[in-house]
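What the coordinates show
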Amino acid sequence: MLKLSSRQLTDWPVLLCSFRPLFLVTVLLAMLGITLWLGFLGLGTPLPPVPGGPLVWHAHELLLGFGLAAVAGFVLTAVPEFTATAPFGRRVGLTFVSLWLAARLTFWLSGPLGPWPAALCNLGFALALPLLLTPRLLGDPLRRQWGFFGGLSALALVTAGFYFDVLRGVYPMRWLHAGIGVLMVLIVVAMSRISMRIVNDAIEARRNAGHEVDEDYRARPPRRNLAIFCIALFSLGEWLALPGALNGWLALAAAAAVFNLLNDWHVGRALLERWALMLYSVYWLMALGYAALGVALLFGEISTSAGRHLLTVGAMGVSILAVLCIAGRTHSGYALDTRRWVPVATLSLVLAALLRAGSGLPGMPAQAMILLAGLGWLGAFILACRYLGPVWLRPRPDGGLGCEEPLDEHATGSGCRT
């Protein structure tokens, strides 16, 4: 049997940068997870027998499987860039994706194996991120990276709390609900960095085309910090099981804070450029998600599931797709993709979130809407796999050897024809 040496393994193009294997497994789990979930809902196909049952499996894999893999791929690439420090080597990406795969395997087999292997592997993955990145995140004298430190530490705490409850036989869903809030905070933190470049590039393009644009886009810290505070406050109140009405008002406060954050984005027609509009839609879905949670908790006429799916399928799904398309291509040596599949996939996720949220309204054909929502999610990530998977599996077109952006204009142009 042919054996690969450690050197041969790390020479694979998929390990060229840490995000490549992690983004790839993110897309694969997005497709596999929803396929299994739809099979369970529609055909009764059994799911892995995990502590807490099918709903816990679904939420855990969406948040601590799919979501955490995307977060890991992003921060392992972005933090060296944000902190002007050396990029991580190939073995870091190999180690993290191996640990992530072990975490998935042990969790899916936690019925026969018991919860301890899953607890050790999943917590190991979640803790490894802040442990590796903390010196760089806290080393910035201007404290610009503290938001990432707080978010990654909170994700590790959520994972630890989840398995603490599992190991003592307590239903662990409260920790997954808290995990949604942590991921929303991380999205706000990361989006403030990504949007500064994307929106201002759109503004500059309009200026170069002869249009008058008064001012550049700025992600203002007071609005961002208020949104983070309100999201965190609602998540804490829900975790503490405060009275429903109080949590409802906290959810509406979070919605209002996110809507207030959108005021920074009103920069005219530059907002209609595909990448700016894609990121803009994330905040709309986030605000609507917290608004729906507030209405559900205050009046009880709709399920809280509507708001949670606007946050997860909508805000989280679209933001992760944006990161895959933007960071996943540019840090592989390619230009941003101008083909139609990107807006089609984005629209598919937005419609999936709206359908899933609307399925709980009185008189709606819930089963059909849930099926269509699942197919919308699946279609979006099939497109991502088709058009982004080959980018991560082969060498850079510009001869680069790491995670840097395209090295020359010719290589950048060729990327659009992938």
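Residues numbered from 1 in each chain as written. Predicted model: local features only at pLDDT ≥ 70, side-chain atom pairs only at ≥ 80, totals over all residues. Heavy atoms only, no water.

Looking at an unreviewed UniProt entry, the chain carries the name NnrS family protein, with the source organism given as Stutzerimonas nitrititolerans.

Once that is clear, we can look at the side chain of Gln145. Note on placement: Gln145 falls in the loop between helix H6 (115–138) and helix H7 (146–167). The class of Gln145 is buried, set by a relative accessible area of 1%. In this structure Gln145 touches Phe82, Thr83, Leu137, Asp140 and Arg193, once residues within four positions along its chain are discounted. (Helix = DSSP H or I, 4+ residues; strand = E, 2+ residues; numbered from the N terminus. Buried < 20%, exposed > 50% of the residue type's maximum accessible area, 1.4 Å probe, protein only. Contact = heavy atoms within 4.5 Å.)

Another aspect to go through is empty space enclosed by the protein. Regions of empty space are outlined by a rolling probe, equal in size to a water molecule, passed over the atoms. Summed over the entire model, instances satisfying the criterion amount to four cavities of 30 Å³ or more. The calculated volume of the largest cavity comes to roughly 240 Å³. Lining the largest cavity are 18 residues, and of these Val71, Ile187, Ala190, Ile320 and Val323 sit closest to its centre. Those elements that place two or more of their residues in the lining of the largest cavity are helix H3 (54–82), helix H8 (173–208) and helix H12 (304–330). Take the lining of the largest cavity: its biggest share by element is six residues, from H8. Considering only residue class, the lining of the largest cavity consists of 16 nonpolar, two polar and no charged. (1 Å grid on protein atoms, 1.4 Å probe; cavity = no way out; pocket = protein on both sides within 12 Å on 5 of 7 lines; lining within 4 Å. Points joined across faces, edges and corners; volume = space filled by probe spheres on them. Nonpolar A, V, L, I, M, F, W, Y, C, P; charged D, E, K, R; others polar.)

The next point concerns a nonpolar patch on the surface. Where nonpolar side chains cluster on the molecular surface, the patch consists of Leu236, Leu240, Leu242 and Leu246 and spans about 330 Å² of accessible area. Here Leu242 lies in the loop between helix H9 (221–239) and helix H10 (244–261). (Patch = residues over 30% accessible without salt bridge, like charges linked within 9 Å, V, L, I, M, F, W, Y side chains within 5 Å. Areas by Shrake-Rupley, 256 points an atom, 1.4 Å probe, with all protein chains shown as cover. Salt bridge = Lys/Arg side-chain N within 4 Å of Asp/Glu carboxyl O.)

In a regular helix each residue adds 1.5 Å, so 22 residues correspond to 32 Å; H7 covers 31 Å between its end C-alpha atoms and thus fits that length. Residues of H7 that are buried: Phe148, Gly151, Leu152, Leu155, Ala156, Val158, Thr159, Gly161, Phe162, Tyr163, Asp165 and Val166. Close packing links the buried residues of H7 with H3, helix H4 (90–108), H6 and H8. Gly169 sits one or two residues past H7 and shows a positive phi near 75 degrees. (Expected span 1.5 Å × (residues − 1).)

It is worth spelling out the pattern of salt bridges at this point. If you walk through the whole model with that rule in mind, you get twelve salt bridges. Across the pair Arg197 and Asp201 runs a salt bridge, and its minimum N-O distance is 3.9 Å. Within this pair, Arg197 and its partner Asp201 are both found in helix H8, separated by four residues, close to a single helical turn. We classify Asp201 as partly exposed; its relative accessible area is 44%. Residues Glu238 and Arg308 are paired through a salt bridge, measuring 2.6 Å at the closest nitrogen-oxygen approach. Linking Glu238 in helix H9 with Arg308 in helix H12, this pair joins segments that are 70 residues apart in sequence. Comparing Glu238 with Arg308 shows no difference in burial state: the two are buried. Through salt bridges with shared partners, one network takes in Asp165, Arg168 and Arg174.

Here the focus is the environment of Leu336. In this structure, Leu336 sits in the loop between H12 and helix H13 (341–358). On the basis of relative accessibility, which here comes to 24%, the residue Leu336 falls in the partly exposed class. C-alpha of Leu336 to C-alpha of Leu261: the two residues are 75 residues apart in sequence and 26 Å apart in space.

What follows is about the layout of surface pockets. Computed from the structure, the largest pocket encloses a volume of approximately 750 Å³. Taken together, 30 residues form the lining of the largest pocket, with Gly147, Gly150, Gly151, Val185 and Ile228 sitting closest to its centre. Sort the elements by how many residues they give to the lining of the largest pocket and H9 lands first, with ten residues. Tallied by class, residues from the lining of the largest pocket come to 18 nonpolar, seven polar and five charged. Considering only enclosed or pocket space, the second largest pocket measures out at about 620 Å³ in volume. For the lining of the second largest pocket, the secondary-structure elements that each account for two or more residues are helix H2 (19–43), H3, H8, H12 and helix H14 (366–393).

Applying the stated criterion across every chain yields a total of 19 aromatic pairs. On the numbers, 5.3 Å between centres and 55 degrees between planes, the contact of Tyr217 with Trp265 is tilted. Here Tyr217, found in the loop between H8 and H9, pairs with Trp265, found in the loop between H10 and helix H11 (274–299); they are 48 residues apart in sequence, far enough to count as distant. The buried category is assigned to Trp265, whose relative accessible area is 1%. Centre to centre, the rings of Phe234 and Tyr290 are 5.7 Å apart; their planes meet at 80 degrees, and the pair counts as edge-to-face. One end of the pair, Phe234, is in helix H9; the other, Tyr290, is in helix H11, and 56 residues separate them in sequence. Looking at Phe234, the relative accessible area reads 2%, which means it is buried. A connected cluster of aromatic rings, assembled from ring pairs, spans Tyr217, Trp265, Tyr280 and Tyr283. It is Arg136 that lies over the ring of Phe88; its NZ or CZ is 4.2 Å from the centre. Looking at Arg386, its charged tip hangs above the ring of Tyr387, at a distance of 4.6 Å from the centre. (Phe/Tyr/Trp six-rings, centres within 6.5 Å; stacked < 30°, edge-to-face > 60°. Lys NZ or Arg CZ within 6 Å of the ring centre and 35° of its normal.)

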